[in-house]
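Reading the structure
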There are 2 protein chains.
Amino acid sequence: MTNKIYIVGMGPGREELMTGEALGVLERADVIVGYTVYLQLLDERFRAKELLSTPMRQEEQRCRICFRESEKGKNVALICSGDAGVYGMASLMYEIGKEYPETELVVVPGITAACSGAAVLGAPINHDFCVISLSDLLTPWEKIEKRLRAAAEGDFVIVLYNPSSHKRKDYLMRACDILLAGIKEERVCGYVENIGREGTKTETCTLNELRNREVNMFTTVFIGNSESELIDGKLITKRGYYREEK
Amino acid sequence: MTNKIYIVGMGPGREELMTGEALGVLERADVIVGYTVYLQLLDERFRAKELLSTPMRQEEQRCRICFRESEKGKNVALICSGDAGVYGMASLMYEIGKEYPETELVVVPGITAACSGAAVLGAPINHDFCVISLSDLLTPWEKIEKRLRAAAEGDFVIVLYNPSSHKRKDYLMRACDILLAGIKEERVCGYVENIGREGTKTETCTLNELRNREVNMFTTVFIGNSESELIDGKLITKRGYYREEK
């Protein structure tokens, strides 16, 4: 007999942006585990279930709760914002799962902020792109700098997750300064706050302007590639460099 | 009065992996436009509607059909596989949309193959990653090579879309050879064929082995970063480089 734990990407937050598969898993779950903020975004029918959470930074404890509840015979769903496998809990669950060989993990994908944010801004990641988190909580800053330089060098569209926090107010500025060494000041950029929730806010600007913008931890930032442009206020990256034959 | 055209990401194909928002748009649509293969994946209730398609490579015509039908007063949905804004039709719609200033475009995000494929393989993109298409139909090969080199240089997890086609049988080999200049032969990789459809197939291997694998155009390839590892057959990239305090 194998226990299964479902690691579920809930997308940006609105239930309409969850997949049917994710909703089905939550409907069948006995216990829903997650960071408090995300549990609060769930519909009442899910919040009526047993909900278990740990504060931010106690992700390992949160994972262990899942395995413990599953061992009791409960049907467990662990929710993550966006996609469970993009800066989410999926990899930590697999690491801890080594201690629980009889438990099978099932990852249920969700809409990550690169995609939901892009949809609001227009079509900024319609060609090759990089996703980089500016959080140095679990990654040395030198590694982040190296990736920013490589992304500029490769002329990728760049999507920045976690561009700021209370303790890291100047990180977006630092990232822009690194990018500005290889990318022109007037490169088109955009950012979205609170994607798919109350108070969604979008802005477009140049890379130089982005440097001085204040963003928060619920913001996703998009830096266009050399071919990106603004069309009627939307941030657009072409599918390719040639036009098809008519 | 403004017409709206919805550009809808249908995810990998199974209806369960579409969002409620995407399904709602299709339910309200009078006409569904898309590449024939994707129209065929839709449920009967949607296929009973007016369906319009153009062959592959006639994407511009497909977009123009949307605007023309919309001008007739019809409610139009354009479907794309995965996410409509990741190598999808969103940016081309905005470009052509310049000629139709009274039409508003709405992008409805979907689960892109980087996320749906990752969920099947384990958690390969759980840290910074790049998405690169190996198709040189609309992009010069030199640009693709440059991006592969930059992605290796930045120690990104790399996701390859369109790794092969009838005319480009050796492209994955060529890409691996470029990556092998900067990445060790034993780097862990994985690939998924027909994600979320009949006949899903997953494999893991080293970068050197990947070089000689035959993949098709429905395959998505994942190349781990320097910290990626196989855990019980799953391809896992850690969320970070430090462990949290217990």
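Residues numbered from 1 in each chain as written. Chains lettered and ligands numbered in written order. Predicted model: local features only at pLDDT ≥ 70, side-chain atom pairs only at ≥ 80, totals over all residues. Heavy atoms only, no water.

1. Focus: the environment of Glu203(A)
All names here are of chain A. One can find Glu-203 in strand β10 (residues 201-206). Here Glu-203 falls in the partly exposed class, since its relative accessible area comes to 30%. In this structure, the C-alpha to C-alpha distance between Glu-203 and Ile-79, residues 124 residues apart in sequence, is 29 Å. (Helix = DSSP H or I, 4+ residues; strand = E, 2+ residues; numbered from the N terminus. Buried < 20%, exposed > 50% of the residue type's maximum accessible area, 1.4 Å probe, protein only.)

2. Details of the pairing of strand β4 (residues 76-80) of chain A
Residues and elements named next belong to chain A. Taken across its five residues, β4 has five buried, putting it largely inside the fold. Here β4 shows no split at all, with Val-76, Leu-78 and Cys-80 on one side and Ala-77 and Ile-79 on the other all buried. The pairing of strand β1 (residues 3-9) with β4 spans five bridges and is parallel. The residue bridging Val-8 from the neighbouring strand is Ile-79, located in β4. With three bridges joining them, strand β2 (residues 31-33) and β4 adopt parallel strand pairing. The residue of β4 that forms the bridge with Val-33 is Leu-78. (Pairing = 2+ DSSP bridges.)

3. Focus on the packing of helix α7 (residues 141-153) of chain A against helix α8 (residues 171-180) of chain A
Residue and element names in this part refer to chain A. Relative orientation of the contacting elements α7 and α8 amounts to 45°, with a least axis distance of 9 Å. In terms of axis orientation, α7 runs oblique to α8. The handedness of the crossing between α7 and α8 is right-handed. Touching Trp-141, Glu-145, Leu-148, Arg-149 and Ala-152 of α7 are Tyr-171, Arg-174, Ala-175, Ile-178 and Leu-179, all from α8. Classifying every residue of the contact of α7 with α8 by side-chain character gives seven nonpolar, no polar and three charged. (Axes fitted to C-alpha atoms, helices over the stretch in contact; angles between N-to-C directions. Parallel < 35°, antiparallel > 145°, perpendicular 65-115°, else oblique. Left-handed = near helix turned anticlockwise from the far one by under 90°. Contact = heavy atoms within 4.5 Å. Nonpolar A, V, L, I, M, F, W, Y, C, P; charged D, E, K, R; others polar.)

4. Examining the nonpolar core
The biggest cluster of nonpolar side chains holds 54 residues, and the ones touching the most others in it are Leu210(A) and Leu210(B). Not counting residues within four places of it along the chain, the set of residues in contact with Leu210(A) comprises Leu172(A), Cys176(A), Cys189(A), Tyr191(A), Cys205(A), Val221(A) and Ile223(A). Among the nonpolar cores identified, the runner-up in size contains 38 residues, and Val86(A), Leu121(A), Phe129(A) and Ile195(B) belong to it. (Core = buried A, V, L, I, M, F, W, Y, C linked by side-chain atoms within 4.5 Å.)

5. Quick word on the relation of the copies chain A and chain B
Once turned by 180° and shifted 0.0 Å along the axis, chain A lies on chain B with an RMSD of 0.0 Å. These values place the two chain copies in the arrangement generated by a two-fold rotation axis. Mapped onto chain B, 100% of the interface residues of chain A again fall at the interface, so both copies present the same surface. (Least-squares fit on C-alpha atoms with pLDDT ≥ 70 in both.)

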